[in-house]
Amino acid sequence: MNRATSLIRRVRLITHTDPTLVANYLPFPIFAPAWTPAPPLTSHHARFLATKQGKGHSKVQKVKPKQDKQEVEIKQKMTVSALAQAMNKDFDHVFEALLNTSVDLDSLEPHSVLEEQWIKEVVKRSGMKFKWAKLVESKERENKDTQRRDPPDPAVLVSRPPVVTIMGHVDHGKTTLLDSLRKSQVAAGEAGGITQHIGAFLVQLPSGEKITFLDTPGHAAFSAMRARGALATDIVILVVAADDGVMKQTIESILHAKKAQVPIIVAVNKCDKHQADPARVKQELLSHDVVCEEYGGEVQAIHVSALKGNNLLELAEATVTLAEVMELKGDPTGLVEGTIIESRSDKGKGPVTTAIVQRGTLKKGCTLVAGKTWAKVRFLFDENNCTVKEAGPSTAVEIVGWKELPSAGEEILEVESEKRAREVVDWRCYQEEQDKLKEDMQAIEVKQREHQESYKKEREPLAHLSWRQRKSALYKANKKLMAMRPSEKLESQELSLPLIVKGDVDGSVEAILNILESYDAHHQCQMEVVHFGIGDVSENDLNLAETFSGEASVLAMFDVTVGKKKVPVAGCRVQKGQLDRKMKFRLVRGRDIIWEGSLTALKHHKDDVQMVKTGMECGLSVDQDIEFRPGDEVVCYEETETRQTISWDPGF
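Residues numbered from 1 in each chain as written. Predicted model: local features only at pLDDT ≥ 70, side-chain atom pairs only at ≥ 80, totals over all residues. Heavy atoms only, no water.

**Considering the nonpolar core**
Core analysis: the largest hydrophobic core is formed by 25 residues, its most contacted members being Val164, Ile166, Phe213, Ile237 and Leu315. Sorting the residues of this core by element identifies β4 (163-168), α7 (174-182), β5 (199-204), β6 (210-215), β7 (235-241), β8 (264-269) and α11 (312-326) as the ones contributing at least two each. Sorting elements by how many residues they give to this core places α11 first, with seven residues. (Core = buried A, V, L, I, M, F, W, Y, C linked by side-chain atoms within 4.5 Å. Buried < 20%, exposed > 50% of the residue type's maximum accessible area, 1.4 Å probe, protein only. Helix = DSSP H or I, 4+ residues; strand = E, 2+ residues; numbered from the N terminus.)

Shown next, in the form of structure tokens:
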């Protein structure tokens, strides 16, 4: 029997009735007469196949065991890139697996979320099998925050001094009025004679009654500080100059008092001037729903001269009388509660806050929490910078001992121990991070929808092409874009103005930031507040202002294998500005600069890119082995000097 006949016989025995596979087993072509199908399998054939292999017998081909399919771990709402990674494939593989399905391939991107049926279909078409990923149940973190106590027992309440806020228009004599009451020269120490931040102090009248005064600025920039003063007060004294009448900040002060539901006493100041007209002031107040007693209302109006001291005692007595009618009482027992009126950084004392105690008795050694910081009270000072042992309800006091500077307007709560304070602060920081992550995820989802809509709209002209033709057309378009001159790419970019805002106290910085929010000349020059804080302007601040450009938040971290080395990559979303690979970069964590240097890679999806703009996601790796963390800020900067005149009028 020749070799060809032997091979044909072996194929016949194995396949029984399917001679069409013969050609697959022959290493050379056969030219033989047409083959006639053999009769059905006989017992002779069966005995021949069952015979043990030995000499002179043909070898029986072994049937290969069935191979197990690759198992892919899937989960709900997987993205295309996540599915491709789980299958150890690339994006194109998933794309091709979804051909001839109802999936809109034109809008398919690596970050596109797939429905469950298409996740399974891709795995099935790839010759694999799926299994559901095990859900890791994360234990919900226990709420460790602290809250104000329940309302006090009326039996423990005692009378307390009224907290009175002085409000009014700029230069209507508020500080001079208080200066005359407490016999101290505050105005002389203020910039330009205008009160720059809230002063809080206690005044004791000859009759023995005490009044705690808050002095809020009247300048147009300090609306937020007046609102904060109104929310922490019992009575508002509205100072209106008799020679000037009702002005813009006068109206604003009235609105703040009404919003806080605080009664008003009108102090018509500068009545010693020849052009003074108190009657006109009262008539103008009528149009703002402030009705004085002589017009049938309940608002007391006292004619005073803060400069000469006329009728100041009458004003104080009117305040005390109103306080008696209000029957103001406080609880001096238990844990302390209060409100921060102002905060500042003192070179000798460190972080210092001016606060109003609203409940309990504040003493040295108390452990306080405010916002995301805490304090072990080391010293208490009054308005004359004298140490005090304790401060009860309605007392204004300076607190020294804060770990960091809290913001003005924060609520002060006493806790049992330093350990408890750390728990509260850690919880609040954690809660803020969670809220920020939720906001970021929502923003990402919005951007994804916008991107998909934009993607679909851009590809409508290519809808008649096959997917391979579309990819070819897009590749040519991108290649043409990359070939553009740098000047053409930068032609539409706008100039930017980075700002550093520093102030003596927190409230002043807040007021300036409020003004900057009104900036409306972005079409001429983009303005960015790159840093703000308390204290003097340093050389580092100036360098930061000169070099600042854009920044991105780190959302996730992962490793990419390059050769045999694992490279840490940060998954980021650009918050503002744009990241340019050719610029310098720094990694900022909180207030610390972790790293400065250059990028080794900048990718958008799978593509290497030179620049990533606001709202876009990207992956980046750096020239050092550093650990990224969620919440880190990646700042891109270059040293430039730009001068430009703009049309913005800040209003002062």
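**Here's the deal with the packing of aromatic side chains**
Applying the stated criterion to the full structure yields four aromatic pairs. Geometrically, the ring pair formed by Trp427 and Tyr430 is tilted, given 5.6 Å between the ring centres and 40° between the ring planes. Here the residue Trp427 and the residue Tyr430 both occupy positions in helix α12 (residues 418-458), the gap between them amounting to three residues, near one helical turn. Under the relative-accessibility criterion, Tyr430 is labelled partly exposed at 25%. Taking NZ or CZ as reference, Arg141 lies 4.3 Å from the ring centre of Tyr430, over its face. A cation sits over an aromatic face here: Lys349 above Phe381, 3.9 Å from the ring centre. (Phe/Tyr/Trp six-rings, centres within 6.5 Å; stacked < 30°, edge-to-face > 60°. Lys NZ or Arg CZ within 6 Å of the ring centre and 35° of its normal.)

**Overview of helix α9 (residues 248-259)**
The first and last C-alpha atoms of α9 sit 17 Å apart over twelve residues, in line with the 16 Å expected at 1.5 Å per residue. For α9, every residue scored as buried is listed here: Gln249, Thr250, Ser253, Ile254, His256 and Ala257. Around the axis of α9, the buried residues are gathered within 165° of arc, so they sit on the same side. Of the exposed residues in α9, the ones pointing more than 90 degrees away from its buried face are Lys248, Leu255 and Lys259. (Expected span 1.5 Å × (residues − 1). Arc of directions from axis to C-beta.)

**Quick word on the confidence of the model for the protein**
Mean pLDDT over the protein stands at 76; residues scoring 70 or higher make up 73%. Across residues 1-59, confidence stays below pLDDT 50; counting only partners more than four residues off in sequence or on other chains, it has 29 contacts. Low confidence marks residues 184-198, where pLDDT is under 50. Its contacts with residues over four positions away, or in another chain, come to 31 contacts. (pLDDT = per-residue confidence, 0-100. Contact = heavy atoms within 4.5 Å.)

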